[in-house]
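Summary of the model geometry
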Amino acid sequence: MCEDVSMTSRAENRIEQTRTIQATGRRHLAEVGPAALSLRAIARDVGVVSSAVYRYFPSRDDLLTALIVESYDELGDAVEAADAATDPADLAGRFRALCHAIHDWARTNPHEYALVYGSPVPGYAAPDTTVTSAGRVTGAFLRLAAASETAGATVAATRPLTEAERAALEPVRAAVAVPLSDVRLLRWLMAWHTVFGHVSLELFGHMHRGVLDYDAHFSQVVDQLAADLGLD
């Protein structure tokens, strides 16, 4: 019995220490950026020797991966919660909720957003373990796209796609349970790009003086996208 309690205590302590290191890593992320993230500096802030931190994260890249997965999952949680709180039959409402959840999370967590959607970190390559978490937001878009196909929503027309353009869309088409027309698939990809492009331009300061009310402008963009997707 004592041995079981001891093992449980060690496991709980490891979980708590991991959380402390990751929380400190997020703070350093905001202060110095991902490229300058240092396990030694984090160890000093946590109050342990650097070798202790290496037992939890063998390298800076391992900590970066943990922070990336954590960030993707937080955004995924926000998006999925916003979608779940909306009437499933209200496709326009779900789309707006999804978009505003992305916008709100990004503005609340700008450094984490920059980590996962900003410039690549020099010398770091994200492993496959990040893929599932990274795909949660994309999955929310694609599920809504499939629902719009089932509902027969009429999307705004585009010019016909070339064979090369159609082939380029195949990986996305394969990820959707319901077959989507070329026009619908393209429009939804354009919507995805527009939402994240807008958020990035805003967060990275490229709309300064060009847009005076970010909230009003983002709502206008989302409304236009909903119209283009035939959701209203």
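Residues numbered from 1 in each chain as written. Predicted model: local features only at pLDDT ≥ 70, side-chain atom pairs only at ≥ 80, totals over all residues. Heavy atoms only, no water.

1. Quick notes on helix H6 (residues 110-117)
- Within the sequence span of H6, burial applies to Glu112, Tyr113, Leu115 and Val116. The arc that holds the buried residues of H6, viewed along the axis, is 160°, so those residues lie on one side. (Buried < 20%, exposed > 50% of the residue type's maximum accessible area, 1.4 Å probe, protein only. Helix = DSSP H or I, 4+ residues; strand = E, 2+ residues; numbered from the N terminus. Arc of directions from axis to C-beta.)

2. Regarding the pattern of salt bridges
- Counted by the stated rule, this structure contains 20 salt bridges.
- Across the pair Arg96 and Asp223 runs a salt bridge, and its minimum N-O distance is 2.7 Å. Pair noted here: Arg96 is in helix H5 (residues 91-108) and Asp223 is in helix H11 (residues 214-228), with a separation of 127 residues, a long-range link.
- Exposure remark for Arg96: the relative accessible area of 24% places this residue in the partly exposed category.
- Where Glu149 meets Arg184, a salt bridge forms, and the shortest distance between an N and an O atom there is 2.5 Å. In this pair, Glu149 sits in helix H7 (residues 131-151) while Arg184 sits in helix H10 (residues 182-203), placing the two residues 35 residues apart along the sequence.
- In the salt-bridge network here, residues are joined through shared partners; they are Arg26, Glu70, Glu74 and Glu112. (Salt bridge = Lys/Arg side-chain N within 4 Å of Asp/Glu carboxyl O.)

3. Things to note about the packing of helix H4 (residues 60-84) against H6
- Contact pair H4 / H6: the axes reach a minimum separation of 9 Å and the direction vectors enclose 110°. With respect to H6, the axis of H4 lies roughly perpendicular. Here Leu64, Leu67, Ile68, Ser71, Tyr72 and Leu75 of H4 lie close against H6, whose contacting residues are Glu112, Leu115, Val116 and Tyr117.
- Its residues assigned to classes, the contact of H4 with H6 shows eight nonpolar, one polar and one charged. (Axes fitted to C-alpha atoms, helices over the stretch in contact; angles between N-to-C directions. Parallel < 35°, antiparallel > 145°, perpendicular 65-115°, else oblique. Contact = heavy atoms within 4.5 Å. Nonpolar A, V, L, I, M, F, W, Y, C, P; charged D, E, K, R; others polar.)

4. Side note on the side chain of Glu202
- With respect to the secondary-structure elements, Glu202 resides in helix H10.
- The class for Glu202 is buried, based on a relative accessible area of 8%.
- Looking at Glu202, its side chain comes within polar contact range of the side chain of Arg107, at 3.4 Å.
- Discounting chain neighbours no more than four positions away, the residues touching Glu202 are His103, Arg107, Met207 and Tyr214. (Polar contact = N/O pair within 3.5 Å; in protein donor to acceptor, adjacent residues only side chain to side chain.)

5. Describing the packing of aromatic side chains
- Within the structure shown, the criterion is met by eight aromatic pairs.
- With a centroid separation of 5.7 Å and an interplanar angle of 90°, the aromatic rings of Phe95 and Trp188 are classed as edge-to-face. With Phe95 in helix H5 and Trp188 in helix H10, this residue pair connects regions lying 93 residues apart in the sequence. The same class applies to Phe95 and to Trp188, which are both buried.
- Of the aromatic side chains, those joined through ring pairs into one cluster are Tyr72, Tyr113, Tyr117, Trp192, Phe196 and Phe204. (Phe/Tyr/Trp six-rings, centres within 6.5 Å; stacked < 30°, edge-to-face > 60°.)

6. Details of the domain arrangement of the protein chain
- Taken domain by domain, the protein chain holds domain 1 (1-58) and domain 2 (60-229).
- Between the C-alpha centres of domain 1 and domain 2 there is a distance of 32 Å.
- At the junction of the two partners, domain 1 supplies 13 residues and domain 2 supplies 14 residues.
- Taken together, the two surfaces of domain 1 and domain 2 that pack against each other cover about 1300 Å², and 67% of this comes from carbon and sulfur. (Domains from an automatic or database assignment. Buried area = accessible area lost by both parts, 1.4 Å probe.)

7. Points about helix H2 (residues 39-46)
- Inspection of H2 places Leu39, Ala41, Ile42 and Ala43 among the buried residues, and these make up the whole buried set.
- Directly beyond the C-terminal end of H2, a positive phi value near 90° is found at Gly47.

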